[in-house]
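Listed here are the chains, written in short residue letters.
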Amino acid sequence: MTAGGNDRHLDTETLSAYLDGALPGPEHQAAAAHLAACGRCREELEALRSVVAAVRSLPALRPPRSLALTPEQVRPRRRWPLFAGLPTFQPAGTVGALRLASAVAVLLLAALLVVDAGNVGTGRSGTPDGAASPLALESRTSREAGMAAPAAPETADATAGAGERFAPGDAQAPPGTTQQDAPQPVADAAGGGAGQAAPAAVEEEPAPPQEPAAAHGDAGGTLRRAQMAMALAAAGLLAASFVAGRRRTR
Amino acid sequence: MERSRKGDLEAFNLLVEAYQGQVYALCVRMLGSREAGEDAAQDAFLSAFRGIGRYRGGSFRAWLLRIAANACYDALRRRQRRPAGSLDALLDDPDGPLTLTDPGETPEEHALRRELARELEAALADLPPEERLAVLLCDVQGLAYHEIGQALGVPLGTVKSRIARGRARLRERLSSRPELLRGLRRQEG
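Rules used throughout
Residues numbered from 1 in each chain as written. Chains lettered and ligands numbered in written order. Predicted model: local features only at pLDDT ≥ 70, side-chain atom pairs only at ≥ 80, totals over all residues. Helix = DSSP H or I, 4+ residues; strand = E, 2+ residues; numbered from the N terminus. Buried ≥ 20, exposed ≤ 12 C-beta atoms within 10 Å, placed from the backbone. Contact = placed C-beta atoms within 7 Å. Core = buried A, V, L, I, M, F, W, Y, C linked by C-beta atoms within 7 Å. Axes fitted to C-alpha atoms, helices over the stretch in contact; angles between N-to-C directions. Parallel < 35°, antiparallel > 145°, perpendicular 65-115°, else oblique. Nonpolar A, V, L, I, M, F, W, Y, C, P; charged D, E, K, R; others polar. pLDDT = per-residue confidence, 0-100. Arc of directions from axis to C-beta. Left-handed = near helix turned anticlockwise from the far one by under 90°.

A.B. asks: An account of the overall build of chain B is requested, with residue identities and associated values reported.
C.D. replies: Across its full length, chain B carries ten helices and zero strands. Reading chain B from its N terminus to its C terminus gives the helix and strand order α-α-α-α-α-α-α-α-α-α. The buried share of chain B, reckoned over its 189 residues, is 42%. Long-range pairs, those at least 24 residues apart, make up 69% of the contacts in chain B with a sequence separation of at least 6.

Laid out in structure tokens, this is it:
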């Protein structure tokens, strides 16, 4: 009877919303009136209805285990909520890997230093205080490192101080101890090592010229570069694990 | 809920227990794989816990499913393409729900239902993700349109059209197997 005013067929969107009872009142009534008069639209509606019924009949899926959160999962970082939607960061693994990598770098550095001391130091490296000469060398290189990575000095210092303890946030070494000091060439450092590196805490001494290292040059050059690279790597890795560890314990 | 918002993990885990089935089901179907779905669901709950301070009332389920949907989109983006066979793994899982028999169901009906579910899961997997998500939220999760709009952060009109387009595509796809839908209708009737 009223079909005359509704002879345009209903589109899928209308039919779909009609099924869900999501059409506003007047539209719903108009659609109902059209459906009452139009077999083709009724057929469409039934087809959609069976699709909906099929989707609804899909079996429920149950998680194979409880997805309840453990305290460990929850503990890491609250620091960057911006990244909350990103995949879970695995701090334990990262920190562990960084620490391992720094340990390796430190060991390599130590090995290089021993070789160097054998080549150049001619017995002076035999100082009873084994840590002294690495420390002195470290300070020289970490001065450069200090320019590039601000965090380097303190970690580099920790390296020389206690080879195996990288505990982040340990604060066992006053930052900057070795930083601006002991730019002596390696030969000197090896000689005066223990004496000069230890009280290295002096701050902000004007950086003395460093050409002696170059004068020393040639054969030791590559070795020195390797040491420097290794020291930089160690410092960087330590800094990274420090930061990562911090984040984790937060 | 109040305690959860203050970071009480035990309280939050009660919410996890209540919603994990829905979140998991959505993620599995969005990603077409149980493993990926489980990972995404876990990520979603973690994000929800961390972001619960930003839940501002309204439908908690819709809020949670929105986070789950985002976790799924992240996973899809990371993967770009669904590895072949993962859907089959879902459907052929011998411990899966598809092998459960309804009491009073004949073997033929069971086979038909299984077949329909397989076709449908495959058809769903082929939908564009936004349409798949809208259809799942509407017809599997049973959310109302306004809740879906809230969950997806889109206006009602968009919700309506995504659902309609998704359903139309499914219908197209299933129309090659009319006997499956007939079986379903008989079952319901």
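Structure's up, so let's keep going.
A.B. asks: Give me the lowdown on the overall build of chain A, citing residues and values where you can.
C.D. replies: Across its full length, chain A holds ten helices and zero strands. Along its sequence from the N terminus, chain A presents helices and strands in the succession α-α-α-α-α-α-α-α-α-α. Looking at chain A as a whole, 36% of its 250 residues qualify as buried. In chain A, 75% of the contacts between residues at least 6 apart in sequence involve partners at least 24 apart.

A.B. asks: Describe the nonpolar core, listing the residues and the values that go with them.
C.D. replies: Residues and elements named next belong to chain B. One finds V23, C27, A41, A44, A68 and L137 to be the most contacted residues of the largest nonpolar core, which totals 68 residues. Among the elements that take part in this core, helix 2 (residues 9-31) stands out by supplying eleven residues, more than any other. Not counting chain neighbours up to four residues away, the residues in contact with A44 comprise V23, C27, I67, A68 and A71.

A.B. asks: Residue-level account of the packing of helix 3 (residues 39-56) of chain A against helix 9 (residues 156-174) of chain B, with values.
C.D. replies: Where helix 3 of chain A contacts helix 9 of chain B, the two axes come as close as 9 Å, and the packing angle between them is 90 degrees. When the axes of helix 3 of chain A and helix 9 of chain B are compared, the pair comes out roughly perpendicular. For the pair formed by helix 3 of chain A and helix 9 of chain B, the contact residues are A:A47, A:L48, A:V51, A:V52 and A:A54 on the first element and B:R167, B:L170, B:R171 and B:L174 on the second. A breakdown of the residues in the contact of helix 3 of chain A with helix 9 of chain B according to their chemical character gives seven nonpolar, no polar and two charged.

A.B. asks: Tell me about the interface of chain B and chain A, and please be specific about residues and values.
C.D. replies: Every contact between the two is made by 46 residues of chain B and, on the other side, 36 residues of chain A. Of all the secondary-structure elements, those providing two or more residues to the side of chain B that touches chain A are helix 2, helix 3 (34-51), helix 4 (60-79), helix 6 (107-126), helix 7 (129-140), helix 9 and helix 10 (178-188) of chain B. Of the residues assigned to the side of chain B that touches chain A, the class counts are 27 nonpolar, eight polar and eleven charged.

A.B. asks: Please set out helix 1 (residues 12-19) of chain A residue by residue, giving values where relevant.
C.D. replies: Of all eight residues in helix 1 of chain A, six are buried; the element is thus mostly enclosed. What helix 1 of chain A keeps buried is the set A:T14, A:L15, A:S16, A:A17, A:Y18 and A:L19. Buried-residue contacts for helix 1 of chain A involve helix 2 (25-37) and helix 3 of chain A together with helix 9 of chain B. Among the residues trailing helix 1 of chain A, A:G21 stands out with phi positive, at a value near 65 degrees.

A.B. asks: I'd love a proper account of the confidence of the model for chain B, names of residues and values included.
C.D. replies: Scored by pLDDT, chain B has a mean of 84; 84% of the residues are at 70 or more. Within chain B, no element has a lower average pLDDT than helix 5 (residues 86-92) of chain B, which sits at 55, and none a higher one than helix 7 of chain B, at 96.

A.B. asks: Before we move on, can you summarise helix 8 (residues 145-152) of chain B with the specific residues and values?
C.D. replies: An α-helix turns once per 3.6 residues; consequently, residues spaced three or four apart project the same way. Residues and elements named next belong to chain B. Restricting attention to buried positions, one finds in helix 8 the residues E147, I148, A151 and L152. One side of helix 8 holds all its buried residues, which, seen down the axis, span an arc of 125 degrees. Residues of helix 8 that are buried make contact with helix 4, helix 7 and helix 9. In the stretch just after helix 8, G153 is the one whose phi turns positive, near 65 degrees.

A.B. asks: So what's going on with the environment of A:R8? Residues and values would help.
C.D. replies: All names here are of chain A. Inspection of the secondary structure puts R8 in the segment before helix 1. For R8, a count of 9 C-beta atoms within 10 Å gives the class exposed. R8 sits 33 residues away from C41 along the chain, and the two C-alpha atoms are 9.9 Å apart.

A.B. asks: If you had to explain the packing of helix 2 of chain B against helix 3 of chain B to someone new, which residues and values would you point to?
C.D. replies: Residues and elements named next belong to chain B. Where helix 2 meets helix 3, the axes come as close as 8 Å, and the angle between the chain directions of the two elements is 140 degrees. Judged by the angle between their axes, helix 2 and helix 3 are oblique. Considering how the two elements wind past one another, helix 2 and helix 3 form a crossing that is right-handed. Two secondary-structure elements touch here, helix 2 through F12, V16, Q20, V23, Y24, C27, V28 and L31 and helix 3 through R34, A36, G37, E38, A40, A41, A44, F45 and F49. Residues belonging to the contact of helix 2 with helix 3 are distributed by class as follows: 13 nonpolar, two polar and two charged.

A.B. asks: So, the confidence of the model for chain A: which residues are in play, and what are the values?
C.D. replies: Residues and elements named next belong to chain A. On average, residues of chain A score 63 in pLDDT, and 45% of them reach the 70 mark or higher. Of all helices and strands in chain A, the one with the weakest mean pLDDT is helix 8 (residues 186-197) (39), whereas helix 1 scores best (95). Across residues 1-5, confidence stays below pLDDT 50; counting only partners more than four residues off in sequence or on other chains, it has four contacts.

A.B. asks: Account for the environment of B:C138, naming residues and giving values.
C.D. replies: Along the chain, B:C138 turns up in helix 7. Setting aside residues no more than four positions away along its own chain, B:C138 makes contact with A:D20, B:L143, B:I148 and B:I163.

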